[in-house]
Amino acid sequence: MLSILEGIRLIEVADWGFVPSAATVIGDWGADVIKVEHPMRGDPIRGLITAGLVPGAAGANFFVEQLGRNKRSVGIDLQREAGRQVLRRLVQTADVFLTNYLPDARERLQIRYEDLRPLNPRLIYAKGHGQGQRGPDAARGGYDGVSFWARGGIADRLTRPGEEYVQQRPAFGDFIGGMFLAGGIAAALYYRERTGEGIEVDVSLLGNACWIMAPDIVAAMTYGFDLPQSGAMAPPNPLVGNYVCKDGKALCLMMLQQDRFWPIFCRAVQREDLLADPRFNPAENRQRNSAELVQVLREMFAARERREWEDLLRTSECIWAPIQSPGEIPSDPQVIANHYVLDFPHPAYGRYRVTASPVQFGGQWAEVRRPAADAGAHTEEVLLEIGYSWEEIAGLKEQGAIT
């Protein structure tokens, strides 16, 4: 991949998924990402597998491998003044400082924008958090399951009426928010290129949800009522919806222009007889009898396996897709052709695969230049680069300030 951000150095003082995922993207784009972790504990996400929080998982920590690639890890104890001095020297060499620490921790550790800007006026200071930088809950912690999924209205709209609220998938809001944060950092670097000055970048999980849920939120403000929850309304367009096939696998149809696609669809699925059926023609009858047509299509799709329907639909202009499980996605020919899954040599696991960040430049795809590192694996290497001597490094280790 073209190293768009080669020569840019980002210092990540963050843990869990949201903000570190932004650093992963910046690393995919070619930047030198240095992850600062506690010298003994590391990022708490490293304990998800060993703590048994993911039932059945053992061996490789999939979160660490996905989030930790293309980064170097430096172990620094920021509770110690000697450790903070090391971080300040790192900041003087950096283009971007990225954190998810809450306001009180940033103040206590002296890593607020106003603390670091005098050291490096060109520094981009980026932070991500739960509920926004102002308001009564600005200083409260938050994970994507609460700040994004629950508070942001997503659980409410994706839950069928009368059923238990749908839980989000792991790090679902985190990885979406991380892309926003990475984009904000890229825009800030462009701003600095034009002005010579650094600037602060801020993204919250709640703000992330407000953008993702914009159609629902704006509709509610416009009309004074919420759009229906998922599954609460019979589809007015039978060519939009999910249909289960004979093998239990399903297809999703998404042909919003029903009149245009109706004859194309009928011919593709070898049901030209439906074009002559007075219940469904002309368009007004199809609209009136949409529930009946949905039932006809359900029975039709249930008569063949999904791969048979895929073969028929693939030769047409119909807009559709298989509903795939995560285990099926790596074998999707489009995923393979576009290198959305990255395969790389891993010193501990042989070949290992992670998903790529989605932006590609110049027709090239992201690369894993280095696999995820153990906590503090690059402490000496990085400190030597920024001017520390071996004697100084030994002294910092004796103080417990670094790994």
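Residues numbered from 1 in each chain as written. Predicted model: local features only at pLDDT ≥ 70, side-chain atom pairs only at ≥ 80, totals over all residues. Heavy atoms only, no water.

> For this particular structure, what's the right way to read the environment of Glu37?
Along the chain, Glu37 falls in strand S2 (residues 32-37). The exposure class assigned to Glu37 is buried, which follows from its relative accessible area of 3%. The contacts of Glu37, once residues within four sequence positions are left out, are Gly42, Asp43, Arg46, Ser73, Val74, Gly75, Ile76, Ala375 and Gly376. At 2.7 Å, the side chain of Glu37 and the backbone nitrogen of Asp43 are in polar contact. (Helix = DSSP H or I, 4+ residues; strand = E, 2+ residues; numbered from the N terminus. Buried < 20%, exposed > 50% of the residue type's maximum accessible area, 1.4 Å probe, protein only. Contact = heavy atoms within 4.5 Å. Polar contact = N/O pair within 3.5 Å; in protein donor to acceptor, adjacent residues only side chain to side chain.)

> Would you mind showing me how to read the pattern of salt bridges here?
Charged atoms that come close allow side chains of opposite charge to pair. In this structure the tally under the stated criterion is 33 salt bridges. A salt bridge links Lys35 to Glu12, with the shortest nitrogen-to-oxygen separation between them at 2.4 Å. Linking Lys35 in strand S2 with Glu12 in strand S1 (residues 9-13), this pair joins segments that are 23 residues apart in sequence. Each member of the pair Lys35 and Glu12 is classed as buried. (Salt bridge = Lys/Arg side-chain N within 4 Å of Asp/Glu carboxyl O.)

> So what exactly am I meant to see when it comes to the nonpolar core here?
One broad trend across soluble globular proteins is that nonpolar side chains are buried collectively. The biggest cluster of nonpolar side chains holds 31 residues, and the ones touching the most others in it are Leu10, Ile26, Leu98, Leu181 and Ile185. Counting residues per element, the ones that place at least two in this core are helix H1 (18-28), strand S4 (96-99), strand S5 (124-129), helix H6 (144-150), helix H7 (154-158), helix H8 (172-195), strand S6 (200-204) and helix H9 (205-212). It is H1 that contributes the most residues to this core, 6 residues altogether. Setting aside anything within four residues of it in sequence, one finds Ile26 in contact with Leu5, Leu10, Ala31, Val33, Ala182 and Ile185. (Core = buried A, V, L, I, M, F, W, Y, C linked by side-chain atoms within 4.5 Å.)

> What's the story with the side chain of Arg84 in this structure? I'm lost.
Mapped onto the fold, Arg84 is located in helix H3 (residues 81-92). From its side chain, Arg84 meets the backbone oxygen of Gln79 in a polar contact 3.2 Å long. Other than its neighbours up to four places away in sequence, Arg84 contacts Asp77, Leu78, Gln79, Leu109 and Gln110.

> What's the story with H9 in this structure? I'm lost.
Turning to H9, its buried residues number three or more, namely Leu205, Leu206, Asn208 and Ala209. On an axial view of H9, the arc spanned by its buried residues comes to 155°, and they lie on one face. The elements touched by buried residues of H9 are H1, S5, H6, H7, H8 and S6. (Arc of directions from axis to C-beta.)

> Help me understand the sheet that holds strand S9 (residues 320-323) in this model?
Think of a sheet as strands paired side by side through backbone hydrogen bonds, with each pair either parallel or antiparallel. Read from one edge of the open sheet, 3 strands run S7-S8-S9, paired in antiparallel fashion. Lying at the two open borders of the sheet, with one neighbouring strand each, are strand S7 (240-244) and S9. Neighbour-to-neighbour, the strand axes of this sheet turn through a mean angle of 20°, independent of strand direction. This element, helix H13 (residues 290-301), spans S7 and strand S8 (250-254) of the sheet and lies at about 35° to S7. (Pairing = 2+ DSSP bridges. Axes fitted to C-alpha atoms, helices over the stretch in contact; angles between N-to-C directions.)

> I'm lost on the packing of aromatic side chains in this one. Help?
Between two aromatic rings, the relevant description is the distance of the centres plus the angle of the planes. Using the criterion set out here, one finds 13 aromatic pairs in the structure. Between the aromatic rings of Trp149 and Phe172, the centroid separation amounts to 5.8 Å while the plane-to-plane angle is 85°, which identifies the pairing as edge-to-face. Of this pair, Trp149 sits in helix H6 while Phe172 is found in helix H8, placing the two residues 23 residues apart along the sequence. For Phe172, a relative accessible area of 39% gives the class partly exposed. Considering the side-chain rings of Phe265 and Phe301, the 6.4 Å spacing of their centres and the 40° angle between planes classify their relative orientation as tilted. Taken together, the residues Phe265 in helix H11 (residues 258-268) and Phe301 in helix H13 connect sequence positions 36 residues apart. (Phe/Tyr/Trp six-rings, centres within 6.5 Å; stacked < 30°, edge-to-face > 60°.)

> What is the right way to read the sheet that holds S5 from this model?
Spatial ordering of the open sheet is given by S3-S2-S1-S4-S5-S6, a layout of 6 strands whose pairing is parallel. Here the strands that pair on one side only, and so sit at the sheet edges, are strand S3 (71-75) and S6. Recorded for the sheet is a direction-independent mean angle of 20° between the axes of neighbouring strands. H9 rests against S5 and S6 of the sheet, and its axis sits at about 70° to S6.

> Even after reading the chapter, I still don't get unusual backbone geometry, so can you show me in this structure?
When glycine is set aside, most residues are seen to have a negative phi, and most peptide bonds are trans. For the bond running from Asn281 to Pro282, omega is 0°, close enough to zero to count as cis. Here Pro282 lies in the loop between H11 and helix H12 (283-288). We note that Trp16 has phi near 65°; this positive angle belongs to a residue other than glycine. Relative to the elements of secondary structure, Trp16 occurs in the loop between S1 and H1. For Trp16, a relative accessible area of 28% corresponds to the partly exposed category.

> Help me understand the packing of H9 against helix H10 (residues 214-223) in this model?
When two helices pack together, you describe them by how their axes are tilted relative to each other and by the distance separating the axes. At their nearest, the axes of H9 and H10 sit 5 Å apart, and the two run at 75° to each other. By the criterion of interaxial angle, the relationship of H9 to H10 is roughly perpendicular. Along its contact with H9, which presents Cys210, Trp211 and Ile212, the element H10 presents Ala214, Pro215 and Ile217. Tallied by class, the residues present in the contact of H9 with H10 amount to 6 nonpolar, no polar and no charged. (Parallel < 35°, antiparallel > 145°, perpendicular 65-115°, else oblique. Nonpolar A, V, L, I, M, F, W, Y, C, P; charged D, E, K, R; others polar.)

> Hey, could you run me through the environment of Val36 in this one?
Structurally, Val36 can be placed in strand S2. Expressed as a C-alpha distance, the spacing of Val36 and Leu78, which sit 42 residues apart in the sequence, is 9.2 Å. When sequence neighbours within four positions are dropped, the list of residues in contact with Val36 reads Ile11, Glu12, Val13, Val74, Ile76, Leu87 and Leu90.

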